[in-house]
Amino acid sequence: MVQISGYKFLQFKRGFTFVEITIVIALILVLAIPIGTLLTNYLKANYFESTYLKEQYYANVIMQDIEQRIRRADNGSVNFSNYTLTFSYTDANPDGSKKTTIYCVYTLQNAGTTNSIFNRGIGTSPNPAVSVFPVGLEKGLIRDFNITISTAPPYFAKVAIQTLSGFTLTNSIYLLNYGR
């Protein structure tokens, strides 16, 4: 206590001791490490989930497009080799006459690598120009593309598309114009 002009005052020390500072830092670390770990895991899970959903979306778009076109494939025109699916189909005009034959090509370039890219070509030439399909597809998202074509009735093509994270979408597509 300090006495000034007859009054007694309590004197307080200013600052903190090293032990007090160390205890506060230790308490902050005890709380910060689990919270940081939880936050990191949450962000990683969120990123994985959004990537996984994007992969599923692109695989579904590709599968629906292949299914829509391959169902109408002309008898004997479906061929698959070296990650390339080629086929043709002919639609009928409203008056019943035949339209021009449409040629389709689906291909996976650099399969199984981070540079793999899925392409589609559609046109009236047997070798239509190909471009990335669907628009906006990132490199490496589609890792594998495989098709098995039956050789006996009922004719079908079993399509499998595998994405970067291992998601595999498979579908059996029955060929409507085969066996006619």
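A few points on the structure. Keep in mind that what you see is a predicted model, and the values were worked out from it rather than measured.

Examining the sheet that holds strand β9 (residues 156-163)
Taken in spatial order, the three strands make up an open sheet running β8-β9-β10, and their pairing is antiparallel. Every interior strand has two partners, whereas the edge strands, β8 (142-149) and β10 (168-174), have only one. Recorded for the sheet is a direction-independent mean angle of 15° between the axes of neighbouring strands. As paired strands, β9 and β10 are joined by seven bridges and run antiparallel to one another.

Description of the pattern of salt bridges
Side chains carrying opposite charge are able to pair once their charged atoms draw close together. Overall, the coordinates contain four salt bridges when judged by the stated rule. Between D65 and R120 there is a salt bridge whose closest N-O contact spans 3.0 Å. Here D65 is found in helix α1 (residues 18-70), whereas its partner R120 is found in strand β6 (residues 117-123), with 55 residues between them in sequence. Relative accessible area serves as the criterion here: at 8%, D65 is assigned to the buried category. The class for R120 is partly exposed, based on a relative accessible area of 22%. Residue E67 pairs with R71 through a salt bridge whose shortest N-O separation is 2.6 Å. Three or more residues joined by partner-sharing salt bridges are found here, namely D65, R69 and R120.

The rules behind these values
Residues numbered from 1 in each chain as written. Predicted model: local features only at pLDDT ≥ 70, side-chain atom pairs only at ≥ 80, totals over all residues. Heavy atoms only, no water. Pairing = 2+ DSSP bridges. Helix = DSSP H or I, 4+ residues; strand = E, 2+ residues; numbered from the N terminus. Axes fitted to C-alpha atoms, helices over the stretch in contact; angles between N-to-C directions. Salt bridge = Lys/Arg side-chain N within 4 Å of Asp/Glu carboxyl O. Buried < 20%, exposed > 50% of the residue type's maximum accessible area, 1.4 Å probe, protein only.

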